[in-house]
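# Chains, contacts and geometry: an overview
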Amino acid sequence: MKFKLVKEGWDSIECDALIVPVFENEDEGDVFLVALDEKLGGLIKELQTTEEWTSRSGEVSVIYRPEKLKTARLILLGAGKKESYDSHLIGTLMRKAVLKVKGHQLKRVAFYPRSQVEPKRAAQAMVEGVILATYQADDYKTEDRSKNFVEEILFVGDQDMDATEVESSMERGEILACATNRARKLVNEPGNRVNPSRLAQAAQEVAVKYGLEIEVWGEPEIKDQGMGAILAVAQGSDEPARFIILKHFGAPDSEAKPIVLVGKGVTFDSGGLSLKPAQSMEEMKADKAGACAVLAAMQAIAQLGVQKNVVGLIPAVENLPGGRAQRPGDVIRAMSGKTIEVINTDAEGRLILADALSYGRQLEPEFMVDIATLTGAVVIALGKNRAGVFCNDEELFERVSRASDQSGEKLWRMPLDDEYRKEIESPIADIKNVGSRWGGAITAAKFLQEFVEDVPWCHLDIAGVDLFKGEGDIKGPTGFGVKTLVEIVDSPSP
Ligand code: BES
Ligand code: ZN
Ligand code: ZN
């Protein structure tokens, strides 16, 4: 697919479809709207008065062969209230519009953003929206259901727009959205297709293709490092654990402290002996969403040539209740030397992350960010629109928060008060892996903090936002976190 900036009038572009946003509360005298309505012989006004069409956000209507335009179709994109029109909305709307025309044999599609949003941000969002719309979650349908996709997307700009700036933003959008789709595809892989060693293979492929350094450890190396918590989770499955290390050396000063990203890679989470109920257990193939976000972010970081040293760590295991599975009550020793009483084997993510964070600490990083489908409790707290963010450092939180504004992936800060630490005190070991029923996302984060100690660190709990389940929207993985991780890394250090 090609993306181009064209500096032509919106009414003279020859294409298969021209997409134009229309707002709910537009002034009837708006210069553009008047001009458009004139070209359409008063159709817009008519549709509005008969209430056949409103400009509610996400509404899409197609007008065929508008006589006075050069496009074969005009797609009016309901954009809601004018004042809330921003680049994130452009992305979402473009996704909807492209899904609507998918399979219609359209080759050349143009988007006229109208003003208000900075051109480079609008252009990037357009590209992201279109690429995200090309993802299909039906990899294992035997009949080929892939639809014909658009070949060329034109961003209709003004004469005075900075072409280099707009074009480089479009390229950034392409890199970020392709990486996000890579994460979505991998998250969608079922447990029988992607186990820890297959996840490592996928990482290897990305590393070779994009020029990342990679190390993959098997169980002997994991054992040598003393990563007892990773091994304890893996021992209930016949599939051995893997520890994946991806490295991007982008800093001009090769000695510069690295940024460490850690992703939870549970390729299937049955709960272990603390078995999950059958209902929706199949969704636990997505318990590797954090790992996939880190892998895809590393891909994008390499492609963008970010001038930082970045290390991606992925502890990969399968959590099953086999004959050698760990039992509730077992005491294990983590890499840091701390002993953990395993109360519930379904709280496995924090165990594997504990060892990965301890390893990350040894790299003396500038800061660490982990991303994990860690708790059902965060879904109760925040629902499916925002991920929970926990952070032990104000400067880093500012950086993460700015990255989330940039990416459009919404976060909500959760507390890390010391009072919550009491919940995970164990009578027999240094710490236990679960607290009471209450504040489960917070006690999970407090558990992780034990292994981070004084390193600036941020934890993203993405359990509620990793999958689309909603009506109307595409089902399947969202790829949440890829863009935010890249923006966190690719922002100036203080
Ligand atoms: N992978 C789950 C968390 C999860 C739940 C992700 C729902 C996506 C959707 C995690 O390993 C888990 O099972 N956590 C337990 C912890 C509990 C035993 C303290 C949970 O949240 O129920
Ligand atoms: Zn679990
Ligand atoms: Zn899990």
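Values in this document were obtained by computation on a predicted structure and should not be read as measured data. (Residues numbered from 1 in each chain as written. Chains lettered and ligands numbered in written order. Predicted model: local features only at pLDDT ≥ 70, side-chain atom pairs only at ≥ 80, totals over all residues. Heavy atoms only, no water.)

### A word on the coordination of the zinc ion (ligand 2)
Coordination of the zinc ion (ligand 2) by the protein involves Asp 269 (OD), Asp 346 (O), Asp 346 (OD) and Glu 348 (OE), with metal-donor separations of 2.0 to 2.2 Å. Viewed at the metal, the 6 donor atoms of the zinc ion (ligand 2) are separated by angles of 71 to 165°, and the geometry they form is irregular. Donor residues binding the zinc ion (ligand 2) come from one chain and are separated in sequence as D-x76-D-x1-E. Here the zinc ion (ligand 3) and the zinc ion (ligand 2) are spaced 3.2 Å from one another, each receiving a donor from Asp 269. One end of the pair, Asp 269, is in strand β10 (residues 265–269); the other, Asp 346, is in the loop between β13 (339–341) and α10 (349–362), and 77 residues separate them in sequence. (Donors = N, O, S within 2.8 Å, 3.2 Å for Na, K, Ca; no water. Tetrahedral: all angles 85-135°; square planar, octahedral: opposite > 155°, others 65-115°. Helix = DSSP H or I, 4+ residues; strand = E, 2+ residues; numbered from the N terminus.)

### Observations regarding the coordination of the zinc ion (ligand 3)
Bound to the zinc ion (ligand 3) on the protein side are Lys 264 (NZ), Asp 269 (OD), Asp 287 (OD) and Glu 348 (OE), at distances that span 2.0 to 2.4 Å. For the zinc ion (ligand 3), the 6 donor atoms in the first shell make angles of 77 to 174° at the metal, so the coordination geometry reads as octahedral. Here the donor residues of the zinc ion (ligand 3) are spaced in sequence according to K-x4-D-x17-D-x60-E.

### Some thoughts on the pattern of salt bridges
Under the definition given, this model contains 26 salt bridges. Residues Lys 276 and Asp 346 are paired through a salt bridge, measuring 2.9 Å at the closest nitrogen-oxygen approach. Of this pair, Lys 276 sits in the loop between β10 and α9 (289–304) while Asp 346 sits in the loop between β13 and α10, and the two are 70 residues apart along the sequence. Accessibility expressed as a relative area gives 22% for Asp 346, which makes it partly exposed. Taking the shortest distance from any N to any O, the salt bridge between Glu 366 and Arg 399 comes out at 3.4 Å. Of this pair, Glu 366 sits in the loop between α10 and β14 (367–372) while Arg 399 sits in helix α12 (residues 394–407), and the two are 33 residues apart along the sequence. Through salt bridges with shared partners, one network takes in Lys 338, Arg 361, Arg 421, Glu 450, Glu 453 and Asp 454. (Salt bridge = Lys/Arg side-chain N within 4 Å of Asp/Glu carboxyl O. Buried < 20%, exposed > 50% of the residue type's maximum accessible area, 1.4 Å probe, protein only.)

### Here's the deal with the side chain of Glu 487
Within the element layout of this structure, Glu 487 appears in helix α14 (residues 482–489). With residues near it in sequence (within four places) discarded, Glu 487 still touches Arg 172, Leu 176, Ala 403, Gln 406 and Ser 407. (Contact = heavy atoms within 4.5 Å.)

### Some remarks on the domain arrangement of the protein chain
Partitioning the protein chain into structural domains gives domain 1 (2–161) and domain 2 (190–490). Measuring from the centre of the C-alpha atoms in domain 1 to the corresponding centre in domain 2 gives 38 Å. Listed by partner, the interface residues are 8 residues for domain 1 and 13 residues for domain 2. Carbon and sulfur atoms supply 51% of the area buried between domain 1 and domain 2, which totals about 800 Å² over both sides. Counting the surface domain 1 buries against domain 2, the share from its top three residues, His 88, Arg 95 and Tyr 140, is 46%. (Domains from an automatic or database assignment. Buried area = accessible area lost by both parts, 1.4 Å probe.)

### Details of the environment of Ala 403
Mapped onto the secondary structure, Ala 403 falls in helix α12. Of the residues examined, Ala 403 reaches a relative accessible area of 3% and is grouped as buried. For Ala 403, the contacting residues outside a window of four places in its chain are Thr 484, Glu 487 and Ile 488.

### Here we look at the sheet that holds β13
Strands sit in the order β12-β13-β17 across an open sheet of 3 strands; the sheet is mixed. At either margin of the open sheet sits one strand with a lone partner, and together these are β12 (331–333) and β17 (431–432). As paired elements, β13 and β17 share 2 bridges and run parallel to each other. Opposite Glu 341, over in β17, you have Lys 432 as the bridge partner. (Pairing = 2+ DSSP bridges.)

### Here we look at the side chain of Asp 461
Looking at where Asp 461 falls in the secondary structure, it is placed in strand β18 (residues 457–461). Although buried, Asp 461 forms no salt bridge, and the nearest oppositely charged side chain, Arg 350, lies 7.4 Å from it. Engagement of the side chain of Asp 461 in a polar contact is seen with the side chain of Thr 375, the distance being 2.7 Å. Only 3.3 Å separates the side chain of Asp 461 from the backbone nitrogen of Ala 463, close enough to count as a polar contact. Leave out the neighbours within four places in its chain, and Asp 461 touches Ala 372, Thr 373, Leu 374, Thr 375, Val 378, Ala 387, Gly 388, Phe 390 and Ala 441. (Lys, Arg positive; Asp, Glu negative; His and termini not counted. Polar contact = N/O pair within 3.5 Å; in protein donor to acceptor, adjacent residues only side chain to side chain.)

### A closer look at the packing of aromatic side chains
This structure, assessed with the given rule, holds 9 aromatic pairs. Between the aromatic rings of Phe 23 and Tyr 85, the centroid separation amounts to 4.9 Å while the plane-to-plane angle is 75°, which identifies the pairing as edge-to-face. In this pair, Phe 23 sits in the loop between β2 (17–22) and α1 (31–39) while Tyr 85 sits in the loop between β4 (73–78) and α3 (87–101), placing the two residues 62 residues apart along the sequence. Across the pair, Tyr 85 and Phe 23 agree in class, each one buried. The interplanar angle of 45° and the centroid separation of 5.3 Å between the aromatic rings of Phe 447 and Phe 451 together place this pair among those described as tilted. One end of the pair, Phe 447, and the other, Phe 451, are both in helix α13 (residues 440–452), 4 residues apart, so they sit about a helical turn from each other. Taking the relative accessible area as the measure of exposure, Phe 447 reaches 0% and is therefore buried. An aromatic cluster is present here, built from Trp 10, Phe 32 and Tyr 112 joined pairwise through their rings. (Phe/Tyr/Trp six-rings, centres within 6.5 Å; stacked < 30°, edge-to-face > 60°.)

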